[in-house]
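Examining the three-dimensional arrangement
Spelled out, the chains give:
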Amino acid sequence: MKKLILAILLIGSTFVNAQDRYSSGMEKAFELWQNQKTTEASNLFERIATAEPDKWLPYYYVSQINTVISFGEKDEEKLSKQLEKAKEFLDVAKAISPDNPEILIQEALINTAWIAFDGATYGMTLSPKNVQLYQKALEIAPDNPRVVLSKAEWDMGSARYFGKDITPYCKDVERALELFATFKSETPFYPAWGKERAEEVLKSCGK
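From a predicted model like this one, the values you see are computed outputs, not experimental measurements.

As for the pattern of salt bridges
- Following the criterion strictly, the structure yields 12 salt bridges and no others.
- In this structure, Arg146 and Glu102 form a salt bridge, with 3.0 Å as the shortest nitrogen-oxygen distance. In this pair, Arg146 is assigned in helix H7 (residues 145–161) and Glu102 in helix H5 (residues 101–117), connecting sequence segments 44 residues apart. Each member of the pair, Arg146 as well as Glu102, carries the same accessibility label: buried.
- Taking the shortest distance from any N to any O, the salt bridge between Asp143 and Arg175 comes out at 2.7 Å. Here Arg175 lies in helix H8 (residues 170–182) and Asp143 lies in the loop between helix H6 (119–140) and H7, a separation of 32 residues in the sequence.
- Residue Asp143 is classed as partly exposed on the basis of its relative accessible area of 46%.
- Residue Arg175 is classed as partly exposed on the basis of its relative accessible area, which comes to 33%.
- It is possible to trace a salt-bridge network through shared partners that takes in Glu153, Arg197 and Glu200.

Here is the structure:
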């Protein structure tokens, strides 16, 4: 009986240590990212993903970092490597956590990075895909502030492109801000970005 109790305690201890390593690793990766050490942060998230193959968040953050740094990149070869890596890691995250609204809007962001780089080449094929991704994300999580904001921003961009009024989408940005005030997740390290962006977008409303 003593051996059994000891074995159970050891298993529990191993689990706690693994969780602690995961948490401390994630915190360190976020710290690197905050200090604009994007390559180091991406590499650390990648190592965590390898060590924790059942967790979607490290894969998601590798994808997000590589997408964000691609905006404004002029070197097509470098951009392609970054966005291909972003898509590769996001596909794994999607396999771990299907129909996840955060992953859907991240996929749309990858498409947007391609469109921002060369709208003439990628706009026609990727824009309809983004419309579908945002619509699906909204159906799954209508009260997720990042979903509401991201769809509103996409709709605003489309309206501007076609010379239409963006005002109808300002109410969606206002709603996103309201949702940011109450949205909570039980999952540690769950995405929390977007509030500051929503405030910025709202300032541009009507301009």
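That was the structure; now back to the text.
What to know about the packing of helix H4 (residues 76–96) against H5
- Where H4 contacts H5, the two axes come as close as 10 Å, and the packing angle between them is 165 degrees. By the angle between their directions, the pair H4 and H5 is classed as roughly antiparallel. As for how H4 packs across H5, the hand of that crossing is left-handed. Contact residues: Glu76, Leu79, Ser80, Leu83, Ala86, Lys87, Leu90, Ala93 and Lys94 in H4; Ile103, Gln106, Glu107, Ile110, Ala113, Trp114 and Phe117 in H5.
- In terms of residue class, the contact of H4 with H5 is made up of 10 nonpolar, two polar and four charged.

What counts and how
- Position numbers for residues count from 1 along each chain, tracking the sequence in the order it is written.
- Since the coordinates come from a predicted model, pLDDT governs what is reported: local features require at least 70, and pairs of side-chain atoms require 80 or more to be given and counted, while whole-chain, interface and lining totals use all residues.
- Only hydrogens and water are set aside; all other atoms, that is, all heavy atoms of the structure, feed into the side-chain values.
- The term salt bridge refers to a pairing of a side-chain nitrogen on Lys or Arg with a carboxyl oxygen on Asp or Glu at a separation within 4 Å.
- Here a strand is any run of E in DSSP of at least two residues, a helix any run of H or I of at least four, and the numbering for each starts at the N terminus.
- Accessible area is worked out with a 1.4 Å probe on protein chains only. A residue is then buried under 20% of its type maximum, exposed over 50%, and partly exposed in between.
- Angles shown run from 0 to 180 degrees and are taken between the N-to-C directions of axes, each axis being a line fitted to C-alpha atoms and, for helices, limited to the stretch in contact.
- Here roughly perpendicular refers to angles of 65 to 115 degrees, roughly parallel to angles under 35, roughly antiparallel to angles over 145, and oblique to all remaining angles.
- For any pair of crossing helices, the crossing counts as left-handed if the nearer helix is rotated counterclockwise from the farther one by less than a right angle, and right-handed if it is rotated clockwise.
- By definition in these notes, contact holds between two residues if any of their heavy atoms fall within 4.5 Å.
- Each residue is assigned to one class: nonpolar for Ala, Val, Leu, Ile, Met, Phe, Trp, Tyr, Cys and Pro, charged for Asp, Glu, Lys and Arg, and polar for all the others, Gly among them.

On their own, these measurements won't tell you what the molecule is for.
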